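Summary of the model geometry
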Amino acid sequence: MNAANTELQKKRAECDSANNGIDLHLHLSSCYKFHHGALHPSRTWKESVVDLTIDRRKTLGELRQSVFQMLECWEGDMILSIAKPLPAGLHLYQILDGDELTLDGVGLADGADIFVWNGKEVGGTKVMTGPDHEPVVVNILRLAEYNEGGKGQHFTESQHVFSRSTKLGDLRRALAPSGGIMLKNGSGPDKEGKNWEVFREEDMKETVKSVGLTDGCSVLILDSHDQSFVNVSSGNLTAFTYDISWLQVQNFCRTDDEEQHVKMTATIETVMSDIKTKAIRELQLEEELANDSCLRPVSGNGKLLSPVPEDYTVKEAELKMGSLLGLCHGKAPASTQLFLYFMVGSDQNASPEMEIVVEETASVKECLNLMLEKSGLSGDNWHLRRVDWCYEAGEALSQENATLKELNVCRGDTLVITEGKLPAKGFLKIPVWWLKPSSHKKHGENAQDQVNGMTCKMDALQVSPAGDAPEYLHTDTDLCYAGSLEIAGEASLEDLKMQAMTLPCCPEQIVPLPSFLRAWTVDSKRPGKLLRNNKQRLNDYKLGARVEICLEALQKEEHLGPQELLLRVQMGIPGERDYYGSTDLVWDISKECTTWALRQRVASHYGLPVDKTEIAKYFPERLEWLPISSWTQQMSKRKRKKKQESLQSAPYHLKDGDIIGVKNLLLDDTKDFSTVRDDVGKEKQRQLALGKKKSRQAERLQEPVFSEEKLNIKHRKPEVALSINVGVFR
């Protein structure tokens, strides 16, 4: 009984501590310096901050005592102040006074920042505290001279920090000692800078706080010369932000490598033909060029965009201040014409991007014929598709007699000429592949030989399918192209399998019934989603217009239920970094889909003890194995409830067709699931990435026209793939 009471008291104490414990971040003044209007750590964050966990019901006196005990080397007075990280740095607020007050009573919450100092100065510099002295980060803009800033930039921009108690007169003396006017962007940092407000002379006695300057606000400094660009009598800079724009025009008509450009001003109502005439004159080019040239915006990566119609104004062309335009050969399209990009097939390396101008009233069929003529192709076995968001062939333009305008084809769109006729309305055209049985390395075979053999097998698959699908080349899996089917969307999956059985390229084994076939979608050149129900209509699967199907022949009939998961399991060869051949494992997840349940199912499949079985999921695109282990259950501080783990969620995202590696710890106690093939594949990926990086660098050096612009582009974080995982509700 005493032991039970002791255990109960212990649990109560743990629950009480979890419910009332708060984490505080103590910032030590000895690790901070005061500059640019705020406190900044002089060391790393880990060295400058000490974390302290304490009961919220304790008093400030007990908190102070705990801090003294943690900082044994502290000398002199100790003042605790509430701190808050701001864009300018760390700022201090009220001092924590009253040792008898509780932490909860003074408003200290979990994760609060507390600054430990002497209450006067930091590093010999006096520090002003409180909300009235908060530091504010202000963007200071000045009109750029011709040789200042990056090309096409209208302003030079710098950031300055001022206290909210700073008077505007002091701010102006610091920023414009020779005089001038200041204007505030009243639209805020996240909106377009259209509403500029002039600070009047009587505003110079106001403070930064009282005039509404906050973090990210922009202040424009204009000297006496710059003021000639604007009309400030009304107190606004409307004329500047709306009516005046700086544009840059670069000569692309030259055949040599010499760069020629001019910088000019234009209003939003300036017509593009006037800008072109002025650019030709300032570039000292032949006047006859005006009849055979056009202006094309240049994107950030140096690509020439569609020409702007000459009767467009700057506003209609949606040109921003500082835009770069290219003066190119060729006439600009009229307002009733469309400038389009097109290519043959979605592989940019195999087919370069071409350009064409067509009437917006032209039909899809007429546009296709013009594009075929320009690309040197003939025949009627072609159709047009739009380019989707990842720059691949997407939606087909199936209404051949509809006009481009009716189908909302816009200026600058990219279309893809795709081989093959479009199926009739309500029908799907589906390329079909056979998934051949995987060949595995025999015991004792050299791993490198197997890698070479695998490469040879992939090379052998580089055969263009006959007839209407030359682009289908799947080279990194055991897929054999069988042919293409035209089938009604109302047909069932069983009907598709029946038709596929009539294709000439069939598997070696006999397939007596459709139920002896397993159907997958093809995703990234591998089997993707498993199509289970033979009686379900193809339209109900929502396969999409560009779906491909691969079929796998089975030794026996299969009828998988919605709660059964199909996995490929393979046992590791003891003492070697390789595996025996894989087998199919059907796992019922209707009760649970947890690590323990999968380990039990795999152990039962191989007749092994559960505690002597290790498993891992293989990620073929990364050539990596992720061990599936019972990770530590996450506990909520407040409710102390276990969160349910599901292998169908992060980090495993288990799905049909996943490869599961198995280790028998009775024979092999190594928990390294990787193989020699993985090492070779990763090295090839590394070499490929390195080669692409070097080729991009070489291309930049060979493009002097855009080298300077590219260097001035703001560097952004590298793009990464976006993966959205949705919970399973079956």
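What counts, and at which threshold
- Residues numbered from 1 in each chain as written.
- Predicted model: local features only at pLDDT ≥ 70, side-chain atom pairs only at ≥ 80, totals over all residues.
- Heavy atoms only, no water.
- Helix = DSSP H or I, 4+ residues; strand = E, 2+ residues; numbered from the N terminus.
- Buried < 20%, exposed > 50% of the residue type's maximum accessible area, 1.4 Å probe, protein only.
- Contact = heavy atoms within 4.5 Å.
- Areas by Shrake-Rupley, 256 points an atom, 1.4 Å probe, with all protein chains shown as cover.
- Polar contact = N/O pair within 3.5 Å; in protein donor to acceptor, adjacent residues only side chain to side chain.
- Pairing = 2+ DSSP bridges.
- Axes fitted to C-alpha atoms, helices over the stretch in contact; angles between N-to-C directions.
- Salt bridge = Lys/Arg side-chain N within 4 Å of Asp/Glu carboxyl O.
- Phe/Tyr/Trp six-rings, centres within 6.5 Å; stacked < 30°, edge-to-face > 60°.
- Lys NZ or Arg CZ within 6 Å of the ring centre and 35° of its normal.
- Core = buried A, V, L, I, M, F, W, Y, C linked by side-chain atoms within 4.5 Å.
- Arc of directions from axis to C-beta.
- Expected span 1.5 Å × (residues − 1).
- pLDDT = per-residue confidence, 0-100.

Below, the discussion takes up the overall build of the protein chain. Broken down by element type, the protein chain carries twelve helices and 33 strands. Expressed as a percentage of its 730 residues, the buried residues of the protein chain come to 41%. Excluding contacts between residues fewer than 6 apart, the proportion of contacts in the protein chain whose partners are at least 24 apart in sequence is 67%. Surface accessibility of the protein chain: about 41300 Å² in total, with carbon and sulfur atoms responsible for 50%.

What follows concerns the side chain of E134. Within the secondary structure layout, E134 lies in the loop between β9 (125–126) and β10 (135–143). Overall, E134 belongs to the buried group, its relative accessible area being 16%. A polar contact is formed between the side chain of E134 and the side chain of Y93, at a distance of 2.4 Å. Sequence-distant contacts of E134, that is, excluding residues within four places in its chain, are made with L86, H91, Y93, F162, S163 and R164.

Spatially, the five strands line up as an open sheet ordered β30-β29-β33-β31-β32, and their pairing is mixed. Pairing within the sheet leaves two strands with one partner each, and these edge strands are β30 (583–588) and β32 (624–627). For this sheet, the mean inter-axis angle between neighbouring strands, taken without regard to orientation, is 40°. Taken strand by strand, helix α10 (residues 595–606) contacts β29 (564–571), β30, β31 (613–619) and β33 (659–664), and its axis lies near 135° from that of β30.

A few words now on the pattern of salt bridges. Applying the stated criterion across every chain, the model contains 32 salt bridges. One salt bridge in this structure joins E360 and K405, with 3.8 Å as the shortest N-O distance. Pair noted here: E360 is in the loop between β20 (354–359) and α7 (364–375) and K405 is in the loop between β22 (393–396) and β23 (414–419), with a separation of 45 residues, a long-range link. The partner of E395 in a salt bridge is R386, and the shortest N-O contact between them spans 3.5 Å. Judged by relative accessible area, R386 falls into the buried class, the value being 19%.

When we look at a pair of aromatic rings, we describe it by the centre distance and by the angle of the planes. Scanning all chains against the criterion turns up seven aromatic pairs. Taking the centre distance of 5.1 Å and the plane angle of 25° together, the rings of Y579 and W625 count as stacked. With Y579 in the loop between β29 and β30 and W625 in strand β32, the pair connects residues that are 46 residues apart, well separated along the chain. On the basis of relative accessibility, which here comes to 15%, the residue W625 falls in the buried class. Pairwise contacts between aromatic rings join Y579, Y618, W625 and F673 into one cluster. The residue whose ring lies beneath R622 is F619, and the NZ or CZ to ring-centre distance is 4.4 Å. Against the face of F673 rests K663, its NZ or CZ located 5.9 Å from the ring centre.

In terms of nonpolar packing, the biggest core is built from 31 residues, with L63, F115 and V116 touching the most fellow members. Going through the elements one at a time, β1 (21–28), β4 (49–55), α3 (60–70), β5 (79–86), β6 (89–95) and β7 (113–117) are the ones with two or more residues in this core. Apart from residues lying up to four places away in sequence, F115 is in contact with H27, L28, S29, Y32, L39, I79, L80, S81, A83, L90, L92 and V122. Judged by nonpolar contacts, the second largest core, of 24 residues, contains A482, L485, L517 and I549.

Here we take up the sheet that holds strand β26 (residues 517–523). Here we have five strands laid out as an open sheet, ordered β25-β24-β28-β26-β27, and mixed in their pairing. What marks the edges here is a single partner per strand, and that holds for β25 (479–488) and β27 (526–531). If you compare each strand with its neighbour and ignore which way they point, the axes differ by 40° on average. Across three bridges, strand β24 (residues 427–435) lies against strand β28 (residues 549–553) in parallel orientation. Bridged to V432 within β28 is I549. Docked against the sheet, helix α9 (residues 493–500) engages β24, β25, β26, β27 and β28, running at close to 125° with respect to β25.

Another aspect to go through is the pairing of β24. Along a regular strand, successive side chains alternate from one face of the sheet to the other. For β24, the tally of buried residues reaches seven of nine residues, placing the bulk of the element in the interior. Of the strand pairs in this sheet, β24 and β25 are connected by nine bridges, and their pairing is antiparallel. Bridge pairing in β25 places W434 opposite C480.

With respect to the helices and strands, N664 occurs in strand β33. Residue classification places N664 among the buried residues on the basis of a relative accessible area of 12%. For N664, the side chain forms a polar contact with the main-chain nitrogen of L666, separated by 3.0 Å. Dropping the residues within four chain positions of it, N664 is found in contact with M571, L608 and K612.

Moving on to unusual backbone geometry. Of note, the bond from A650 into P651 is cis; its omega dihedral lies within 30 degrees of zero at 0°. Note that P651 resides in the loop between β32 and β33. You will see that L623, though not glycine, has its phi angle at about 55°, which is positive. Inspection of the secondary structure assignment puts L623 in the loop between β31 and β32. A residue is classified by how much of its surface remains accessible, and L623, at 15% relative accessible area, is buried. The phi torsion at H653 lies on the positive side, around 50°, for a residue other than glycine.

A word on the environment of G89. Assignment of secondary structure puts G89 in strand β6. On a C-alpha basis, the gap between G89 and A38 in space is 5.0 Å, while along the polypeptide they are 51 residues apart.

A few words on helix α4 (residues 168–175). Within α4 the residues assigned to the buried category are L168, G169, L171 and L175. Relative to the axis of α4, the buried residues are bounded by an arc of 160° and lie together on one face. Exposed and oriented more than 90 degrees from the buried face of α4 are R173 and A174.

Right, let's get into α10. Over its twelve residues, α10 runs 17 Å from end to end, which matches the ideal 16 Å to within 8%, given 1.5 Å per residue. Next to the buried residues of α10 lie β29, β30, β31 and β33. Just downstream of α10, G607 is the residue with a positive phi angle, here 70°.

This part takes up the pairing of strand β2 (residues 32–35). Bridging between β2 and strand β3 (residues 38–41) involves four bridges; their strand directions are antiparallel. Bridged to K33 within β3 is H40. The antiparallel pairing of β2 with β3 creates a hairpin that spans two residues between the two strands, and H36 there sits at a positive phi of about 55°.

Here the focus is the environment of P307. Its place among the elements puts P307 in the loop between β17 (293–297) and β18 (324–329). Each C-alpha atom, one on P307 and one on L295, is 5.6 Å from the other, the two residues being twelve residues apart in sequence.

Attention now goes to the confidence of the model for the protein chain. Overall, the predicted model of the protein chain reaches an average pLDDT of 80, with 80% of residues at or above 70. Across residues 146–153, confidence stays below pLDDT 50; counting only partners more than four residues off in sequence or on other chains, it has 17 contacts. Across residues 188–193 the pLDDT falls below 50, and counting only partners more than four positions away or on other chains, this stretch makes five contacts in the model.

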